[in-house]
Protein chains: 2
Amino acid sequence: MGLVSEDHILACIARHFPGTHPAVLLGRGDDCAVLRAGADLCVSSDLFLEDVHFRRSYFRPEEVGYKALAVNISDVAACGGRPLGFTLSLGLPRDVDMPWLEGFFRGMAALADRHRMALVGGDLSGSPCIHVSITVWGEVRADSLLTRGNGLPGDSLFVVGSLGLARVGLEELEARGDAARALWPDACRAHLLPLPQVDAGMTLARAGFNARPPALMDVSDGLARDLPRLLGITPGGAQVSGRHLGAELLLPQGMLPPEVVRHAREKGRNAVTEALLGGEDYALLGSCAPDMLPALKAALPQLMPIGTVTSSGRILCNGQPLEGARGFDHFGGA
Amino acid sequence: MGLVSEDHILACIARHFPGTHPAVLLGRGDDCAVLRAGADLCVSSDLFLEDVHFRRSYFRPEEVGYKALAVNISDVAACGGRPLGFTLSLGLPRDVDMPWLEGFFRGMAALADRHRMALVGGDLSGSPCIHVSITVWGEVRADSLLTRGNGLPGDSLFVVGSLGLARVGLEELEARGDAARALWPDACRAHLLPLPQVDAGMTLARAGFNARPPALMDVSDGLARDLPRLLGITPGGAQVSGRHLGAELLLPQGMLPPEVVRHAREKGRNAVTEALLGGEDYALLGSCAPDMLPALKAALPQLMPIGTVTSSGRILCNGQPLEGARGFDHFGGA
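Residues numbered from 1 in each chain as written. Chains lettered and ligands numbered in written order. Predicted model: local features only at pLDDT ≥ 70, side-chain atom pairs only at ≥ 80, totals over all residues. Heavy atoms only, no water.

## Overview of the overall build of chain A
No. 1: Secondary structure summary: chain A contains 11 helices and 13 strands in total.
No. 2: Taking 334 residues into account, the globule formula puts the C-alpha radius of gyration at 20 Å, and chain A, at 20 Å, falls close to it.
No. 3: For chain A, the spread of C-alpha atoms along the three principal axes comes to 60 × 50 × 40 Å.
No. 4: Here chain A holds 334 residues, and the buried ones make up 61% of them.
No. 5: Sequence-distant contacts, at least 24 apart, represent 82% of the contacts inside chain A between residues at least 6 apart.
No. 6: Accessible surface computed for chain A: about 12,700 Å², of which carbon and sulfur atoms make up 53%. (Helix = DSSP H or I, 4+ residues; strand = E, 2+ residues; numbered from the N terminus. Rg over C-alpha atoms; globule rule 2.2 N^0.38 Å. Buried < 20%, exposed > 50% of the residue type's maximum accessible area, 1.4 Å probe, protein only. Contact = heavy atoms within 4.5 Å. Areas by Shrake-Rupley, 256 points an atom, 1.4 Å probe, with all protein chains shown as cover.)

What follows is the structure in structure tokens.
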């Protein structure tokens, strides 16, 4: 017998998440929820698994609940969508207790509330480890979808958000546990509580209403691995667009977060390489026509131009071939 | 290093599931999929976990793929919806190989194809056990939602599908493994390859276009546990409707599947009780105004009337109080 009952969990969910939402005709508690017909919807699903994506030893329960939803919202942000709702399926081992779950739901509800998102349903089950599976959706305009693979040579490349910081946080939390928080506060925060760039995504979508929309994605596996995806280059090197796209990045060390630079120095590594290989940034990576860049920069002061799309078929960073620019395999497989 | 790579899995998915669908503006491979605005959508998420919901020892990979999707489609059927698409998040342990995954996707794709459903995205991760998390959606008409809790005293109760058969299959497969298939073919089939009642659900939804819609749900935890939910009675006995609803069931043994009757006889048990306690039926359980029943029975010859909604606050079966009529706790918790 576990430490929690289904009734207690459902009561906890009812306390933390409102039962009604303007976009929801029928909420939790029936076979399905029913969403009101309206805008085109963008949909994404992401897993957040114990000892794969987080550890209970240094993640507080609030942070697990927050981050599980944040990484899903980041996909909606990368489409320029406005998040509306989500379903939550939870697998729980026997040693999870109600105080842990209270914190988990509190952290998740705070983020859902900030974006006015409805939790419309899901599933509960026993499981060997904590297993969080979320499907999120948001409204988008079909005439301004921010997709991958539609950049052109000469387009400007940009990033919204920080590169490499979350990876420093992961490395230090793995090495030092909770003590890392005081030594590397920005990095730990970037790993534990990443900020989905929803407002920036919606601003970029608006820029595409009367022009060629920017290309956009969120950086989850590190810029070195994700930039080829933005350009429509498969891990095997094939070009989806047939355009032989490449990129020239200009990333002076001064553009990087101070803790990334300090960490690289302490470890005797190259800070730029570290920033490009770092995963779980949940920054937005995009490209746009060069004449669109000034208006975007004015609307999003935090947007950082990082280079140019080329027709060379190669990716260079500060004049050197980019290391590690290949697909990240979640199974480390053959 | 595992036996599979992410590229191989994605190639396998591409082979088995078409990349386009009339209701999908943007399919797999970007941050989100994009669904075309249209009908109201019903949405549901269900987990299907190794050693909780299935065992690899007697489930063939095709059956795991089929059933993981079938139990999700069943929720759409219980709303009277037409299934349109799904996302799939897969957690895979290191010992899963490509032949197993080929079978898994083949079984899932056959069912998706039968209902013309699009697989629009999802996630892949390592995991300690096989973990299948699906979110499914379908189109519904908001003016004819088939929900729980809207029955009235005097309404007729009915079932579409068989009761108790899947539980016999589970018990025999657990006891005998693969050898159970020859001895209990109907029961094993009901457990391994349950049929989501999509056409019946849509027929029931049409009956509600110009009349009070039937109440409807799918029976996943056994009729004894699910009937109170249909009536809007909480596990604590509270009446959501405030109507003090109850039910009188008439279930002669002759209405039960022959293998359920034979199994109860061999085990020295009461066949009707067994049928009512049996889980994972994925039958539809509903109620409707009594004058609607003849038309429903004509449209759905397999529909079985099983009794009447009362205002007694009690559930009787064949004149006796119904055993086990309480909520099923997936954690067996306090």
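## A look at the side chain of A:D218
No. 1: Within the secondary structure layout, A:D218 lies in strand β8 (residues 215-219).
No. 2: One buried charge, A:D218, has no salt-bridge partner; the nearest side chain with opposite charge is A:R148, at 4.8 Å. (Lys, Arg positive; Asp, Glu negative; His and termini not counted. Salt bridge = Lys/Arg side-chain N within 4 Å of Asp/Glu carboxyl O.)

## Re the interface of chain A and chain B
Buried accessible area, meaning the area lost when the parts come together, often serves as the stated size of an interface.
No. 1: Each partner contributes to the interface: chain A provides 70 residues, whereas chain B provides 70 residues.
No. 2: When chain A packs against chain B, close to 5,200 Å² is buried across both sides, 58% of that on carbon and sulfur atoms.
No. 3: Run the count over chain A and chain B and you get four salt bridges.
No. 4: One salt bridge connects B:D30 with A:R148, and the closest N-O pair in it is separated by 3.8 Å.
No. 5: If you look at where chain A meets chain B, you find 22 residue pairs in polar contact (both at pLDDT 80 or more).
No. 6: Take the side of chain A that touches chain B: its biggest share by element is nine residues, from strand β3 (residues 40-49) of chain A.
No. 7: Here the residues of the side of chain A that touches chain B are counted per class, giving 36 nonpolar, 22 polar and 12 charged. (Buried area = accessible area lost by both parts, 1.4 Å probe. Polar contact = N/O pair within 3.5 Å; in protein donor to acceptor, adjacent residues only side chain to side chain. Nonpolar A, V, L, I, M, F, W, Y, C, P; charged D, E, K, R; others polar.)

## Concerning the relation of the copies chain A and chain B
No. 1: Rotating chain A by 180 degrees about the axis while translating it 0.0 Å along that axis superimposes it on chain B, leaving an RMSD of 0.0 Å. In symmetry terms, the pair is related by a two-fold rotation axis. (Least-squares fit on C-alpha atoms with pLDDT ≥ 70 in both.)

## Points about the packing of helix α4 (residues 165-176) of chain A against helix α6 (residues 185-192) of chain A
Residue and element names in this part refer to chain A.
No. 1: At a minimum axis separation of 7 Å, α4 and α6 run at an interaxial angle of 100 degrees. What the angle tells us is that α4 and α6 run roughly perpendicular. Contacts from L165, A166, V168, G169, L170 and L173 of α4 reach α6 at D186, A187, C188, A190, H191 and L192.
No. 2: Residues of the contact of α4 with α6, tallied by class, amount to nine nonpolar, two polar and one charged. (Axes fitted to C-alpha atoms, helices over the stretch in contact; angles between N-to-C directions. Parallel < 35°, antiparallel > 145°, perpendicular 65-115°, else oblique.)

## A short note on the pairing of strand β9 (residues 246-249) of chain A
All names here are of chain A.
No. 1: Direction of pairing for β9 relative to strand β11 (residues 303-310): antiparallel, over a ladder of four bridges. Its bridge partner lying in β11, E248 is registered against T308.
No. 2: Relative to strand β12 (residues 315-317), β9 runs parallel, the two being bridged by three bridges. Of the residues in β12, the one forming a bridge with E248 is L316. (Pairing = 2+ DSSP bridges.)

## Quick notes on the packing of helix α1 (residues 6-16) of chain A against helix α3 (residues 98-114) of chain A
All names here are of chain A.
No. 1: Across the interface, α1 lies against α3 with an axial gap of 10 Å and an inter-helix angle of 30 degrees. Considering the angle they form, α1 stands roughly parallel to α3. Here α1 and α3 pass one another in a crossing that is right-handed. On α3, the residues touching H8, I9, C12, I13, R15 and H16 of α1 are M98, L101, E102, F105, R106 and A109.
No. 2: Split by residue class, the contact of α1 with α3 holds seven nonpolar, two polar and three charged. (Left-handed = near helix turned anticlockwise from the far one by under 90°.)

## Points about the sheet that holds strand β1 (residues 24-26) of chain B
The strands that make up a sheet are held in pairs by hydrogen bonds between backbone atoms, and each pair lies either parallel or antiparallel.
No. 1: Spatially, the six strands line up as an open sheet ordered β5(A)-β4(A)-β6(A)-β3(A)-β2(B)-β1(B), and their pairing is mixed. Whereas interior strands pair on both sides, the edge strands pair on one side only; in this sheet they are β5 (118-126) of chain A together with β1 of chain B. Strand-to-strand twist across the sheet, computed as the mean angle between neighbouring axes with direction ignored, equals 25 degrees.
No. 2: The pairing of β3(A) with strand β6 (residues 131-140) of chain A spans 10 bridges and is classified as antiparallel. Bridging across to β6(A), A:C42 finds its partner in A:G138.
No. 3: Where helix α2 (residues 61-77) of chain A meets the sheet, it contacts β3, β4 (82-92) and β6 of chain A, and its direction lies at approximately 145 degrees from that of β3(A).

## Quick notes on empty space enclosed by the protein
No. 1: For the coordinates displayed, the defined rule picks out four cavities of 30 Å³ or more.
No. 2: Taken as a whole, the largest cavity spans an internal volume of roughly 70 Å³.
No. 3: Elements with a contribution of two residues or more to the lining of the largest cavity: β3 and β6 of chain A together with β3 (40-49) and β6 (131-140) of chain B.
No. 4: When the residues that make up the lining of the largest cavity are grouped by side-chain class, the tally is eight nonpolar, two polar and no charged.
No. 5: Taken as a whole, the second largest cavity encloses approximately 50 Å³ of empty space.
No. 6: Listing elements by their share of the lining of the second largest cavity, those giving two or more residues are α4 (165-176), α9 (258-267) and α10 (271-277) of chain B.
No. 7: In terms of residue class, the lining of the second largest cavity is made up of four nonpolar, two polar and three charged. (1 Å grid on protein atoms, 1.4 Å probe; cavity = no way out; pocket = protein on both sides within 12 Å on 5 of 7 lines; lining within 4 Å. Points joined across faces, edges and corners; volume = space filled by probe spheres on them.)

Limitation: the analysis is restricted to geometry and does not speak to function.
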